Amino acid sequence: MDIMKQINQAQKDYKFFSNMLKKLEKIENKTEGNKYAMKQCEDMLSNLNQFFEDVDYTTQITYD
């Protein structure tokens, strides 16, 4: 998989997990499962943020 496909997939994953986290935070009665899911979303977002920091965008060719 080339780097552009990885970046595109990471962007889609980031949007998915951030939306899921927002939905989980809106739930009033938080169960252990909800708290676990929120923790997993936060971990995934942290990993994705690290991936985005590691990408050297100046070497990438982008097309609008």
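Look above for the structure.
The following paragraphs examine the structure supplied in this document. Each chain carries its own residue numbering, running from 1 in the direction its sequence is written. Only residues with pLDDT of at least 70 get local features here, since the model is predicted, and only at 80 or more are side-chain atom pairs given and counted; chain-wide, interface and lining totals rely on the full set of residues. Computation of side-chain values covers all heavy atoms of the structure but excludes hydrogens and water.

Concerning the overall build of the protein
Part 1: Each helix is a run of H or I in the DSSP string that is no shorter than four residues. Each strand is a run of E no shorter than two, and both are numbered from the N terminus. A count of helices and strands for the protein gives 2 helices and 0 strands.
Part 2: Each residue is assigned to one of three classes by its accessible area relative to the maximum for its type, calculated with a 1.4 Å probe on protein chains only: buried under 20%, partly exposed between the two thresholds, exposed over 50%. Here the protein holds 64 residues, and the buried ones make up 22% of them.
Part 3: Contacts in the protein between residues far apart in sequence, at least 24 positions, make up 67% of those at least 6 positions apart. We call two residues contacting when some pair of their heavy atoms lies within 4.5 Å.

Describing the side chain of Ser-18
Part 1: Relative to the assigned elements, Ser-18 resides in helix α1 (residues 3-26).
Part 2: Here a polar contact means two N or O atoms within 3.5 Å. Within protein one must be a hydrogen donor candidate and the other an acceptor candidate, and residues neighboring in sequence count only if both atoms are side-chain atoms. Among the polar contacts made by the side chain of Ser-18, one reaches the main-chain carbonyl oxygen of Lys-15 at a distance of 3.0 Å.

Considering the pattern of salt bridges
Part 1: One speaks of a salt bridge when a side-chain nitrogen belonging to Lys or Arg is within 4 Å of a carboxyl oxygen belonging to Asp or Glu. On inspection of all chains with the given rule, the structure shows 1 salt bridge.
Part 2: One salt bridge in this structure joins Lys-39 and Asp-43, with 3.2 Å as the shortest N-O distance. Of the two residues, Lys-39 and Asp-43 both sit in helix α2 (residues 32-54), 4 residues apart, roughly one turn of that helix.
Part 3: Under the relative-accessibility criterion, Lys-39 is labelled partly exposed at 46%.
Part 4: Exposure remark for Asp-43: the relative accessible area of 31% places this residue in the partly exposed category.

A word on the nonpolar core
Part 1: Residue types Ala, Val, Leu, Ile, Met, Phe, Trp, Tyr and Cys, when buried and joined through side-chain atoms within 4.5 Å, form a set referred to as a nonpolar core. Counting residues in hydrophobic clusters, the biggest one holds 9 residues: Ala-10, Phe-17, Leu-21, Leu-24, Met-38, Cys-41, Leu-45, Leu-48 and Phe-52.
Part 2: Breaking this core down by element, the ones donating at least two residues are α1 and α2.
Part 3: Those residues in contact with Leu-21 that sit more than four places away from it in its chain are Met-38, Cys-41, Glu-42 and Leu-45.

Topic: α2
Part 1: The length a helix should cover is 1.5 Å for every residue beyond the first. For α2, which comprises 23 residues, the first-to-last C-alpha distance of 33 Å matches the rise-based estimate of 33 Å (1.5 Å per residue) to within 8%.
Part 2: If you check which residues of α2 are buried, you get Asn-34, Met-38, Cys-41, Leu-45, Leu-48 and Phe-52.
Part 3: Turning to α2, the residues buried within the fold contact α1.

A closer look at the packing of aromatic side chains
Part 1: What counts as a ring pair is set by centres within 6.5 Å for rings of Phe, Tyr and Trp (its six-membered ring), and what kind of pair is set by the plane angle: stacked under 30 degrees, edge-to-face over 60, tilted for all other angles. Summed over all chains, the structure comprises 3 aromatic pairs.
Part 2: For the ring pair Tyr-14 and Phe-52, a centre distance of 6.1 Å and an interplane angle of 65° mean the geometry is edge-to-face. A residue pair is termed long-range when its members are at least 10 positions apart, and Tyr-14 in helix α1 and Phe-52 in helix α2 qualify at 38 residues.
Part 3: Given the relative accessible area of 31%, Tyr-14 is considered partly exposed.
Part 4: In this structure Phe-52 comes out as buried when scored by relative accessible area, which is 18%.
Part 5: Within the aromatic cluster, the residues linked to one another by ring pairs are Tyr-14, Phe-51 and Phe-52.

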